[in-house]
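# Summary of the model geometry
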Amino acid sequence: YYTKVSNINSVFIEDGDTESIKVYGSRLSNVVDTVLKTTKKDKVIIVAHSMGGLVAREYAAQTNGKYVDKIITIGTPNNGIWKRDIQANVWFTLGNGCNIGHPGIECDEMHHDSSFLIDLNSEGNIGESKIYTIAGQCGVSDVGIAGDDVFRVKSVELSWAKNNYVVN
């Protein structure tokens with residue numbers, strides 16, 4: 001869903017792509033269309049990591065889940081990010097709590113209280129598509145919040161998901 005990706009010393013930077021997750025969801029339709037035509041299937045299963053899970057869910061919402069059987073999210077901040085949780089743990093952290101790979105609008109949309117996430121997390125906006133979440137739990141923060149050193153377990157889990165898994 002990013003249009004310009006550079007590899008500088010094995011670090012991938014998304015140049016000039018600081019669009020809304022809604023834009024990225026629209027771009028994902030091109031990939032899904034290609035997969036459906038190639039496989040001659042009616043629906044896809046999407047496996048997505050981190051913000052990619054929000055992009056996949058946004059795509060499913062835009063199409064009312066018509067082309068998505070399942071979305072499996074891994075370490076996706078489905079309920080948002082809290083600046084304090086990730087500030088000390090993510091490389092090149094910006095002042096807004098996101099790293100250099102997620103500046104601008106997409107970062108603002110990932111905050112736990114954003115209108116984007118409130119809308120995205122409304123039940124029933126993805127038709128019959130099934131959502132599965134996988135969260136990592138490798139410790140507890142200094143204020144007692146379980147997570148994977150980037151996202152809280154409770155940020156990954158969705159109450160209405162088909163299944164929520166926590167991997168220790």
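Our subject is the structure listed above.
The model shown is predicted, which means the values in this text are computed figures rather than measured ones. (Residues numbered from 1 in each chain as written. Predicted model: local features only at pLDDT ≥ 70, side-chain atom pairs only at ≥ 80, totals over all residues. Heavy atoms only, no water.)

This paragraph deals with a nonpolar patch on the surface. A cluster of nonpolar residues, I45, V47 and I74, forms a patch on the protein surface that exposes about 260 Å² of accessible area. Relative to the helices and strands, I74 resides in strand β4 (residues 68-74). (Patch = residues over 30% accessible without salt bridge, like charges linked within 9 Å, V, L, I, M, F, W, Y side chains within 5 Å. Areas by Shrake-Rupley, 256 points an atom, 1.4 Å probe, with all protein chains shown as cover. Salt bridge = Lys/Arg side-chain N within 4 Å of Asp/Glu carboxyl O. Helix = DSSP H or I, 4+ residues; strand = E, 2+ residues; numbered from the N terminus.)

So, on to the sheet that holds strand β5 (residues 130-136). One open sheet holds the four strands; their spatial order is β3-β4-β5-β8, and the pairing between them is parallel. Since the sheet does not close on itself, it has two edges, and those belong to β3 (44-49) and β8 (163-167), each with one partner. For this sheet, the mean inter-axis angle between neighbouring strands, taken without regard to orientation, is 15°. Taken together, the five bridges between β5 and β8 define a ladder with parallel strand orientation. Bridge pairing in β8 places I134 opposite Y165. The strands that helix α2 (residues 51-62) touches are β3, β4 and β5; relative to β3, the one it contacts most, it runs at about 150°. (Pairing = 2+ DSSP bridges. Axes fitted to C-alpha atoms, helices over the stretch in contact; angles between N-to-C directions. Contact = heavy atoms within 4.5 Å.)

Another aspect to go through is the environment of A48. Within the secondary structure, A48 is located in strand β3. Considered as a pair, A48 and T133 are 85 residues apart in the sequence and their alpha carbons are 9.8 Å apart. The contacts of A48, once residues within four sequence positions are left out, are G53, A56, I72, T73, I74 and T76.

On to the nonpolar core. Grouped together as the largest cluster of nonpolar side chains are 30 residues, with contacts concentrated most on I21, L28, I46, V68 and I71. Mapped onto this core, the elements with two or more residues apiece are α1 (21-39), β3, α2, β4, α4 (105-110), α5 (115-120), β5 and α6 (153-156). Top element by residues in this core is α2. It accounts for six residues. Residue contacts for I46: discarding those within four places in its chain leaves L28, A56, Y59, V68, K70, I71 and I72. (Core = buried A, V, L, I, M, F, W, Y, C linked by side-chain atoms within 4.5 Å. Buried < 20%, exposed > 50% of the residue type's maximum accessible area, 1.4 Å probe, protein only.)

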